[in-house]
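Here's the letter readout for the chains.
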Amino acid sequence: MSEHVEWSDTEAPIPSAPAAVTPADAADAARLVAFGLQPKLQPARDQEYAELLRRYREDPPFARLADAVAAGLGLVVLEVSPRAGMAVTAAEDSVFAVRMGDYARRTSADGGDRFLHGLAHLAVAAMAFPRPEDLADDGYIGRVSVNGVDAFVRQACRRLEERAEEVGENTDPATDAPGLEAAWRIWARRSAAGATKDARRLAGSTTGIVGKAAAFLTDSGFLQRTGDDNGGTYRTTARYQLQVRDMAGSAAMAELLELGVVPVTDGTPTLLPAEDRDDLELAADAGLPFHS
């Protein structure tokens, strides 16, 4: 006769309680976020940073803790990887958010020029990653130049002015007209370079504005300067690709790309004929990568 075993007599395994978060864990998570706020720091060159990234990828509770620390600081985690590190961007209510007004004050720009600075950032992003497949390809590296971006915007200005004339819109608004929808018209009027007595380009010229944008993006770890040709040449970083992915839904960026920009490796812009449309204008809230 076989022995009958009562299931009630067997001991069910007791699920192990999750390990308690220690102060050391919290400190490590905060340290990882702090590394992420140093955009020029490369994980490959910092052993502690690389180890914390490995822990984030392999230890889900630690990853959740680091994400919570970032969220508490008003940061959005875009990616955590060896190529980009802990890439974060600031939410609108974050203390780390850079606003267009603040940026304009840093560059000594007046109230009207802040629209031009916003357009410069938009144009850099559009030229760096002009196609959806460029943003989707982690190995893609965009290249731009200061003079190339300025030339691209000026060509876009001419295209937009032609469209405005076709539908009978006012193409000569006041210089201080509010909204980025008028920025392209102001840009077309502004000197491309100008020069100071010592031959430096004027900060208020359009190439000066693009140069300021490129310098800011370089300081922020989004671009890397590669040379001095064409007013300064730059290549994109993994962090910038992630940043542009995050803002690729911008109506203004989409409209600018619809004008037909084609990327060239030296950052020189080329415009192709676009489909006949009468509704192309730069939309408001295009001051990328800033909050309004």
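Residue numbering note: each chain is counted from 1, following its sequence as written. Local features in this predicted model are restricted to residues of pLDDT 70 or higher, and side-chain atom pairs are both shown and tallied only at a pLDDT of 80 or more, whereas totals for entire chains, interfaces and linings draw on every residue. Side-chain numbers here rest on the full set of heavy atoms in the structure, without hydrogens or water.

Trainee: An account of the layout of surface pockets is requested, with residue identities and associated values reported.
Mentor: Empty space among the atoms can be located by rolling a probe the size of a water molecule over them. Site definitions follow a grid-based scheme: protein atoms alone, a 1 Å grid, a 1.4 Å probe that fits but cannot get out for cavities, and for pockets an open set with protein on both sides within 12 Å along at least five of seven lines, plus lining residues having an atom within 4 Å of a point. Grid points are joined across faces, edges and corners, and a volume is the space filled by probe spheres set on the points. Considering only enclosed or pocket space, the second largest pocket measures out at about 440 Å³ in volume. If you trace the second largest pocket, you find 24 residues lining it, with Gln42, Arg83, Gln224, Thr237 and Ala238 closest to the centre. Helix and strand assignments follow DSSP, with helices taken as H or I runs no shorter than four residues and strands as E runs no shorter than two, numbered in order from the N terminus. Examining the composition of the lining of the second largest pocket, we find that three residues originate from one element, helix H10 (residues 238-247), more than from any other. All residues other than Ala, Val, Leu, Ile, Met, Phe, Trp, Tyr, Cys, Pro, Asp, Glu, Lys and Arg, Gly among them, are scored as polar; the first ten of these are nonpolar and the last four charged. In terms of residue class, the lining of the second largest pocket is made up of 11 nonpolar, eight polar and five charged.

Trainee: Pulling in residues and values, what's your account of the sheet that holds strand S3 (residues 143-145)?
Mentor: Strands pair, by our definition, only if DSSP identifies at least two bridges between them. If you trace the three strands from one edge of the open sheet to the other, you get S3-S5-S4, paired in antiparallel fashion. Edge positions in the sheet fall to S3 and strand S4 (223-227), since each of these pairs with one other strand and no more. Between one strand axis and the next, the sheet turns through 35° on average, direction left out of account. As paired elements, S4 and strand S5 (residues 233-236) share four bridges and run antiparallel to each other. Opposite Leu223, over in S5, you have Thr236 as the bridge partner. Note on geometry: axes are C-alpha line fits, over the in-contact stretch for helices, and angles between N-to-C directions span 0 to 180 degrees.

Trainee: Can you explain the packing of helix H1 (residues 23-36) against helix H3 (residues 60-72)? Please cite residues and give values.
Mentor: For the pair H1 and H3, interaxial distance at closest approach is 9 Å and the crossing angle is 60°. In terms of orientation, H1 lies oblique with respect to H3. Note on packing geometry: the crossing formed by H1 with H3 is right-handed. Of the residues in H3, those touching H1 at Asp25, Ala26, Asp28, Ala29, Ala30, Leu32 and Val33 are Phe62, Leu65, Ala66, Val69 and Ala70. Looking at the contact of H1 with H3 residue by residue, the class counts come to 10 nonpolar, no polar and two charged. Angle categories are assigned with fixed cut-offs, so that under 35 degrees is roughly parallel, over 145 is roughly antiparallel, 65 to 115 is roughly perpendicular, and the rest are oblique. Crossing handedness follows the turn of the near helix against the far one: under a right angle anticlockwise gives a left-handed crossing, and clockwise gives a right-handed one. In what follows, residue pairs with any heavy atoms lying within 4.5 Å of each other are defined as contacts.

Trainee: Explain the pairing of strand S1 (residues 75-81) to me, and be specific about the residues and the numbers.
Mentor: One ladder, built from six bridges, connects S1 with strand S2 (residues 85-90); its direction is antiparallel. If you follow Leu75 over to S2, its bridge partner there is Ala90. In textbook terms, the turn of a hairpin is the stretch between consecutive antiparallel strands, and for S1 and S2 this stretch comprises three residues.

Trainee: Now, about helix H5 (residues 113-128): what can you tell me, with residues and values included?
Mentor: Over its 16 residues, H5 runs 23 Å from end to end, which matches the ideal 22 Å to within 8%, given 1.5 Å per residue. Counting buried residues along H5, 15 of its 16 residues qualify, which places the element largely inside the surrounding structure. Every helix has an expected span of 1.5 Å times one less than the residues it contains. Relative accessibility under 20% of the residue-type maximum defines a buried residue, over 50% an exposed one, and the middle range a partly exposed one, all with a 1.4 Å probe and only protein chains included.

Trainee: Tell me about the packing of H5 against helix H9 (residues 206-219), residues and numbers included.
Mentor: Close contact between H5 and H9 brings their axes to 9 Å; oriented N to C, the two are set at 60°. Crossing geometry of H5 relative to H9 is assigned as right-handed. Contacts from Leu116, His117, Ala120, His121 and Val124 of H5 reach H9 at Ile209, Val210, Lys212, Ala213, Phe216 and Leu217. In terms of residue class, the contact of H5 with H9 is made up of eight nonpolar, two polar and one charged.

Trainee: Please set out a nonpolar patch on the surface residue by residue, giving values where relevant.
Mentor: A contiguous nonpolar patch, built from Leu37, Leu73, Val95 and Phe96 and spanning about 350 Å² of accessible area, is present on the exposed surface. Within the secondary structure layout, Phe96 lies in the loop between S2 and helix H4 (100-106). Patch membership is restricted to residues that have no salt bridge and whose relative accessible area is over 30%. Joining uses 9 Å for like charges and 5 Å for the nonpolar side chains Val, Leu, Ile, Met, Phe, Trp and Tyr. Surface accessibility in these figures is a Shrake-Rupley result with a 1.4 Å probe; residues are shielded only by whichever protein chains are displayed. Salt-bridge detection follows one rule: a side-chain nitrogen of Lys or Arg within 4 Å of a carboxyl oxygen of Asp or Glu.

Trainee: Mind laying out unusual backbone geometry, listing which residues take part and the relevant values?
Mentor: A positive phi angle, near 55°, is found at Asn230, a position not held by glycine. Considering the arrangement of structural elements, one finds Asn230 in the loop between S4 and S5. On the basis of relative accessibility, which here comes to 38%, the residue Asn230 falls in the partly exposed class.

Trainee: Mind laying out the packing of aromatic side chains, listing which residues take part and the relevant values?
Mentor: Put simply, two rings from Phe, Tyr or Trp (the six-membered ring, in Trp's case) pair if the centres are within 6.5 Å, and we call them stacked under 30 degrees between planes, edge-to-face over 60, tilted for the rest. Scanning all chains against the criterion turns up four aromatic pairs. Relative to Tyr49, the ring of Phe35 has its centre 4.7 Å away and its plane inclined at 20°; by these criteria the two rings are stacked. Residue Phe35 is found in helix H1, and its partner Tyr49 is found in helix H2 (residues 47-58); the two are separated by 14 residues along the sequence. For Phe35, a relative accessible area of 2% gives the class buried. Two conditions define a charge sitting above a ring: the NZ of Lys or the CZ of Arg must be within 6 Å of the ring centre, and it must be within 35 degrees of the ring normal. Looking at Arg55, its charged tip hangs above the ring of Phe62, at a distance of 4.1 Å from the centre.

Trainee: Can you explain the environment of Met86? Please cite residues and give values.
Mentor: Summarising the element assignment, Met86 is placed in strand S2. Among the residues examined, Met86 registers a relative accessible area of 0% and is labelled buried. The sequence separation of Met86 and Val33 amounts to 53 residues, and the corresponding C-alpha distance is 7.0 Å. Ignoring sequence-local partners within four residues, the contact set of Met86 consists of Leu32, Val33, Gly36, Tyr49, Leu53, Tyr56, Ala66, Asp67, Val77, Glu79, Val80 and Arg239.

Trainee: Give me the pairing of S5: which residues, what numbers.
Mentor: Bridging between S3 and S5 involves three bridges; their strand directions are antiparallel. Bridge pairing in S5 links Val144 to Tyr234. Between S4 and S5, which pair antiparallel one after the other, the connecting turn spans five residues, and Asn230 there sits at a positive phi close to 55°.

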